[in-house]
Amino acid sequence: IHEPNNMKAIEDKKANLFRLAKEHGFKTFYISAQSGAFLTNLGPEFIDYKLFRQKELLLFNKYQDEALLKIIPNLDYAKQNFIVINQRNAHAPYEENYQHNPAFKRFLPDRINYQQFRVDSYDNAMLYNDYLIYEMIQFYKNKFTGPTYIIFTSDHGEVLDSSKVAFGHADLKEEVAEVPFLAYVKNANIDEIKSISTPIFHYEIGHLITKILGFEIHNPNKKDGIFYIHGTELNGNNEFIEYNKK
């Protein structure tokens, strides 16, 4: 959402990406390594194919996020597809996400020094994450011959400072607000993506996707150049920062 406390923007689903994709003939997918509870407010009524951790619990327990790589090749895709993949990796305890795969135990965490252990296990999780993203891009870029957009971001960053003994994402700090934005584009125009100036906000990413889907969203409350960084509550009851890109 753009402005704090405007939950109506989510609840009325006028700009819901799954709904817009369906309107323009896309088959919609939601594939998650996390709980199905996160489907609340996502517009599950507009999703053709839903799969989350509880539906393939044994597979996810054994392979963690790598289960996604085993699931996506077997899906029944259409001519046009809108696919959302929700990962779990990189959430604490980090070591639980990659411990099934010895290849990513690159840094051997020192459990005696717990602060350094958190840093080392996070680094391993990031190596694992790079592998997952690479493999997903490789699959989809070879799967589809038409215009293909693959966009990656995260909902928050992570404070990881062994010297200050600060960890996690519950407090609205700079490290929590900074998230990655990656885009792979094949057989399509990249001008819209290149036109976004940094820093890039989730709100802008949402509008970028609506344009790719063939829509233009008008928000009468939007102030030019102004964006909001929310704390742990989208309803604004926690805390937020107003950021002016100008």
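What counts and what doesn't
- Residues numbered from 1 in each chain as written.
- Predicted model: local features only at pLDDT ≥ 70, side-chain atom pairs only at ≥ 80, totals over all residues.
- Heavy atoms only, no water.
- Helix = DSSP H or I, 4+ residues; strand = E, 2+ residues; numbered from the N terminus.
- Salt bridge = Lys/Arg side-chain N within 4 Å of Asp/Glu carboxyl O.
- Buried < 20%, exposed > 50% of the residue type's maximum accessible area, 1.4 Å probe, protein only.
- Lys, Arg positive; Asp, Glu negative; His and termini not counted.
- Polar contact = N/O pair within 3.5 Å; in protein donor to acceptor, adjacent residues only side chain to side chain.
- Contact = heavy atoms within 4.5 Å.
- Pairing = 2+ DSSP bridges.
- Axes fitted to C-alpha atoms, helices over the stretch in contact; angles between N-to-C directions.
- Core = buried A, V, L, I, M, F, W, Y, C linked by side-chain atoms within 4.5 Å.
- Expected span 1.5 Å × (residues − 1).
- Phe/Tyr/Trp six-rings, centres within 6.5 Å; stacked < 30°, edge-to-face > 60°.
- Lys NZ or Arg CZ within 6 Å of the ring centre and 35° of its normal.

## Topic: unusual backbone geometry
Omega for the bond connecting Ala92 with Pro93 falls within 30 degrees of zero, at -5°, which places this linkage in the cis form. Looking at where Pro93 falls in the secondary structure, it is placed in the loop between β3 (81-86) and α5 (95-98). That bond from Thr198 to Pro199 is cis: its omega, 0°, falls within 30 degrees of zero. With respect to the helices and strands, the residue Pro199 is situated in the loop between α8 (191-194) and α9 (202-213).

## Topic: the pattern of salt bridges
Tallied over the entire structure, the rule returns 7 salt bridges. Here Lys245 makes a salt bridge to Glu204, at a shortest N to O gap of 3.1 Å. On the criterion of sequence distance, the pair formed by Lys245 in the segment after β9 (240-244) and Glu204 in helix α9 is long-range, its members being 41 residues apart. Look at Lys245 and you get partly exposed, because its relative accessible area is 22%. Glu204 gets classed as buried once you look at its relative accessible area, which sits at 16%.

## Some remarks on the side chain of Asp65
Assignment of secondary structure puts Asp65 in the loop between α3 (57-63) and α4 (66-71). No salt bridge is formed by the buried Asp65; the nearest opposite charge belongs to Arg53, separated by 5.4 Å. Here Gln87 takes part through its side chain, which lies 3.5 Å from a polar atom of the side chain of Asp65. The residues contacting Asp65, other than those within four sequence positions of it, are Ala33, Gln87, Arg88, Asn89, Tyr128 and Leu132.

## Examining the sheet that holds strand β1 (residues 27-32)
The strand order across the open sheet built from 3 strands is β2-β1-β3, with neighbouring strands paired in parallel fashion. The open sheet has two edge strands, β2 (49-51) and β3, and neither has a second partner. If you compare each strand with its neighbour and ignore which way they point, the axes differ by 5° on average.

## Brief notes about the environment of Phe201
Along the polypeptide, Phe201 turns up in the loop between α8 and α9. The sequence separation of Phe201 and Lys13 amounts to 188 residues, and the corresponding C-alpha distance is 20 Å. Among residues more than four places away in sequence, those in contact with Phe201 are Phe227, Ile229, Tyr243 and Lys245.

## Details of the nonpolar core
Counting 23 residues, the largest nonpolar core has Ile31, Phe60, Ile72, Leu75 and Tyr77 as its most contacted members. Of all the elements in the fold, those that place two or more residues in this core are β1, α4 and α6 (114-143). Per element, the largest residue contribution to this core is 6 residues, and it comes from α6. Discounting residues that sit within four places of it in the chain, Leu75 has contacts with Phe29, Ile31 and Tyr49. One finds Leu20, Phe26, Phe82 and Phe215 within the second-largest nonpolar core, a separate group that totals 14 residues.

## A few points about the environment of Asn124
One can find Asn124 in helix α6. For the pair Asn124 and Pro109, spaced 15 residues apart in sequence, the C-alpha separation works out to 9.2 Å.

## Quick look at the environment of Tyr149
Looking at the secondary structure, you find Tyr149 in strand β4 (residues 148-153). With 60 residues separating them in the primary sequence, Tyr149 and Ile209 have C-alpha atoms 9.2 Å apart. Residues in contact with Tyr149, not counting those within four places in the same chain, are Tyr184, Val185, Ala188, Asn189, Ile193 and Ile212.

## Some points on α9
Compared with an ideal rise of 1.5 Å per residue, which puts 12 residues at 16 Å, α9 spans 17 Å between its outermost C-alpha atoms and is within 8% of the ideal. Those residues of α9 that fall on the buried side of the exposure criterion are Tyr203, Glu204, Ile205, Leu208, Ile209, Thr210 and Leu213. On the buried face of α9, the contacting elements are α2 (17-23), β3, β4, β7 (181-186), α8 and β8 (226-230). Phi turns positive one or two residues past the end of α9, at Gly214, with a value near 100°.

## A closer look at the packing of aromatic side chains
Per the stated rule, a full pass over the model turns up 16 aromatic pairs. Arranged with centres 5.9 Å apart and planes meeting at 85°, the rings of Tyr77 and Tyr140 form a pair that is edge-to-face. In this pair, Tyr77 sits in the loop between α4 and β3 while Tyr140 sits in helix α6, placing the two residues 63 residues apart along the sequence. Of the two residues examined, Tyr77 and Tyr140, each falls in the buried class. Ring geometry for Tyr77 versus Phe144: centroids 5.5 Å apart, planes at 90°, classification edge-to-face. In this pair, Tyr77 is assigned in the loop between α4 and β3 and Phe144 in the loop between α6 and β4, connecting sequence segments 67 residues apart. We note that Tyr77, like Phe144, is buried. In textbook terms, an aromatic cluster arises when at least three aromatic residues are bridged by ring pairs, as seen for Phe29, Tyr49, Tyr77, Phe139, Tyr140 and Phe144. For Lys70, the ring lying beneath its charged end belongs to Tyr63, and the centroid distance is 4.3 Å. The ring of Phe227 carries the charged tip of Lys222 above its face, separated from the ring centre by 4.4 Å.

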